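# Residue-level structure breakdown
What follows is each chain in one-letter form.
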Amino acid sequence: MRGWRLSLAVAAVAACLGGAFGWSLRDDAWAEAAVPELAALKERFRRPDAVPFPADNPWSEAKARLGRRLFFDPRLSGGGTLACAGCHDPAKGWTDGRRTGRGERGQVLARRTPHLWNLAWGEKLFWDGRADSLEHQSTMPIDSPDEMDRRIGDLVAWLNADADYTAAFAAAFPGTSAVSARLLAQALATYERTLVSPVTAFDRWIAGDDSAISDAATRGFRLFSGKANCVACHSGWAFTDQAFHDIGLPGADRGRGAVLDLRAADHAFKTPGLRDVARRAPYMHNGSIATLDAVLAHYETGIVERPTLSRDLKRIALGDGERRDLIAFLETLSAPGPVETEPRVRPAPAAAQPPLAETRVVAQREKQFLPRAIQIAKGETVIVRNNDSRTHNVRVFDPKLEFDSGAQEPGETVRITFPAAGRYTVFCGIHPAMKLAVEVAE
Ligand code: HEC
Ligand code: HEC
């Protein structure tokens, strides 16, 4: 402990003096000083060892196997030729390699096919977040006339007439007598939750193997989480904050703004997780950027000025060597070899609920509500104050209470009165990982 504290102090003094007198700090002195700081940083990227499943659709191997079979079966589509995997191809990092998706009859879709890695940890689905869960999402591409174009009622009738499928559904859902749209959605969602990005060189480095990635990639990681500011949005082991940002890409698509009916969220799209990113060009919701080099060029010089630009977006300038280092780092997020498509995961035990605080005053800071769970009495008003540097959109969707704050700018306060007893979830429409549990007593 003492040793690094001392060297940190020395490094800090040297850095100050260096700044004042134009000295440069010796590399090894910096490396030594940075060890504890780097260790803390690396901890934020450590991968979980078990996968969360929701209480209303828990893990079962039979369900996941059935989901896999459905996912790869082209007979689910209207013309019998396009499976989910026809667009979300495991060999292409669960995308299709195209600029934007293609429907069964060649229809050109408006947006690019996203990858499906690590959605078990996700919040809202689609580039604009219009689906609330994998269960909610999974039948939408089947029904869509531009994609698989098959009415769900027709598909369910067909599954019920197929002896193999009825047996598989009966095994996956003991106690049920027929296939339904709900069970179809549950099986597909269970399989999708098993699509966990594989361990890569980066994970081995995080776990302590210092030689797992190159020096260039190590420098790239530092840039990613420092000067280049990527980590402001691509945070955590899956490299996404699950939030919606306008990063200044040209185009008329309103994205999240149209879903929330909120101008402040116009041109905002979900931060894609960056696992396996080097293998799935082209990039962005509209496939408009062809290479990782061009992605960096966008963040450096391509940003379109707009009032809706994310507050997390900073102007950056990189040297040629820095660009190479950043890309060397991004390449460590892919594993060589074929993609595992068999459902092999360890389900996580149910997560503990945060303790309930007895307060009516809640802060918003760093894309979190503080505290995260509160207890109040019926008829009381909760005061939510935006102490964050970002615009928020406080929402409640509940049969007993619908609430939409509109754009809540930094410094602004939102008041929500809870008229009936029960448990509510307050969330941010722009940063949906921000959740506040409110327990309202009689
Ligand atoms: C025609 C190509 C195509 C087919 C077939 C297809 N998808 Fe997609 N998928 C897309 C596109 C394009 C999007 C993005 C649409 C958007 O965001 O507006 C998408 C989005 C998704 C997402 C959201 C991912 C995220 O990060 O938010 C999931 C999950 C998904 N699809 C699962 C499926 C499943 C399950 C099936 C089969 C039932 C399927 N898809 C069939 C093209 C396709
Ligand atoms: C303000 C938040 C934010 C910051 C900062 C940010 N990104 Fe992004 N990134 C996003 C969002 C949102 C998208 C999707 C945008 C879209 O499609 O409209 C994205 C897309 C990408 C993609 C394309 C991934 C794919 O699958 O299409 C890459 C690669 C990427 N970012 C890398 C970086 C790097 C490298 C940095 C740092 C230089 C960075 N990002 C900084 C939010 C951010």
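Conventions used here
- Residues numbered from 1 in each chain as written.
- Chains lettered and ligands numbered in written order.
- Predicted model: local features only at pLDDT ≥ 70, side-chain atom pairs only at ≥ 80, totals over all residues.
- Helix = DSSP H or I, 4+ residues; strand = E, 2+ residues; numbered from the N terminus.
- Buried ≥ 20, exposed ≤ 12 C-beta atoms within 10 Å, placed from the backbone.
- Contact = placed C-beta atoms within 7 Å.
- Domains from an automatic or database assignment.
- Pairing = 2+ DSSP bridges.
- Axes fitted to C-alpha atoms, helices over the stretch in contact; angles between N-to-C directions.
- Core = buried A, V, L, I, M, F, W, Y, C linked by C-beta atoms within 7 Å.
- Expected span 1.5 Å × (residues − 1).

Scanning the chain from terminus to terminus reveals 14 helices and 11 strands. Overall size of the chain, expressed as C-alpha extent along the three principal axes, is 80 × 55 × 45 Å. The burial tally for the chain puts 37% of its 442 residues in the buried class. The contacts in the chain between residues at least 6 apart in sequence include a share of 61% that link residues at least 24 apart.

We now examine the domain arrangement of the chain. With domains assigned, the chain is organised as domain 1 (1-43), domain 2 (46-198 + 229-317 + 335-350) and domain 3 (361-441). Placing a centre on the C-alpha atoms of domain 2 and another on those of domain 3 gives a separation of 28 Å. Each partner contributes to the interface: domain 2 provides 15 residues, whereas domain 3 provides 12 residues.

Right, let's talk about the environment of Arg 324 for a bit. One can find Arg 324 in helix H14 (residues 320-331). Judged by the 16 C-beta atoms lying within 10 Å of it, Arg 324 is partly exposed. Along the backbone, Arg 324 and Ala 335 are 11 residues apart, and their C-alpha atoms lie at a distance of 19 Å.

Sheet architecture is open: 5 strands sit in the order E5-E11-E10-E7-E8, paired in mixed fashion. In the strand order of this sheet, the two ends are held by strand E5 (373-377) and strand E8 (401-404), each with one partner. Each neighbouring strand pair of the sheet contributes to a mean axis angle of 30°, computed without reference to strand direction. The pairing of E5 with strand E11 (residues 435-441) spans 5 bridges and is parallel. Looking at E11, one finds that Gln 375 is bridged to Glu 439.

Further remarks concern the nonpolar core. Membership of the largest hydrophobic core comes to 32 residues, with the highest contact counts inside it found for Leu 70, Leu 184, Ala 187 and Leu 188. At the level of secondary structure, the elements contributing two or more residues to this core comprise helix H3 (61-71), helix H4 (84-87), helix H7 (152-161), helix H8 (163-172) and helix H9 (181-193). At 6 residues, H9 tops the list of elements feeding residues into this core. Filtering out sequence-adjacent residues up to four positions away, Leu 188 remains in contact with Gly 67, Leu 70, Phe 71 and Ser 138. Residues Ala 265, Ala 268, Val 384 and Met 434 belong to the second largest nonpolar core, which totals 27 residues.

Note that the residue after Ala 281, namely Pro 282, is joined by a cis bond; omega there is -5°. The topology assignment puts Pro 282 in the loop between strand E2 (269-270) and helix H13 (292-302). Residue Glu 366 is not a glycine yet carries a positive backbone phi of 45°. When you line up the elements, Glu 366 lands in the loop between strand E3 (361-365) and strand E4 (368-370).

Here H14 contains 12 residues, and its C-alpha end-to-end distance of 17 Å stays within 8% of the 16 Å for a straight helix at 1.5 Å per residue. Those residues of H14 lying buried are Asp 325, Leu 326, Phe 329, Leu 330 and Glu 331. Of the surrounding secondary structure, the elements contacted by the buried residues of H14 are helix H11 (215-224) and H13.

Spatially, E4-E3-E6-E9 is the arrangement adopted by the 4 strands of the open sheet, whose pairing is mixed. This sheet does not close on itself; its edge strands, each paired only once, are E4 and strand E9 (413-417). The mean angle between the axes of side-by-side strands here comes to 25°, regardless of whether they run parallel or antiparallel.

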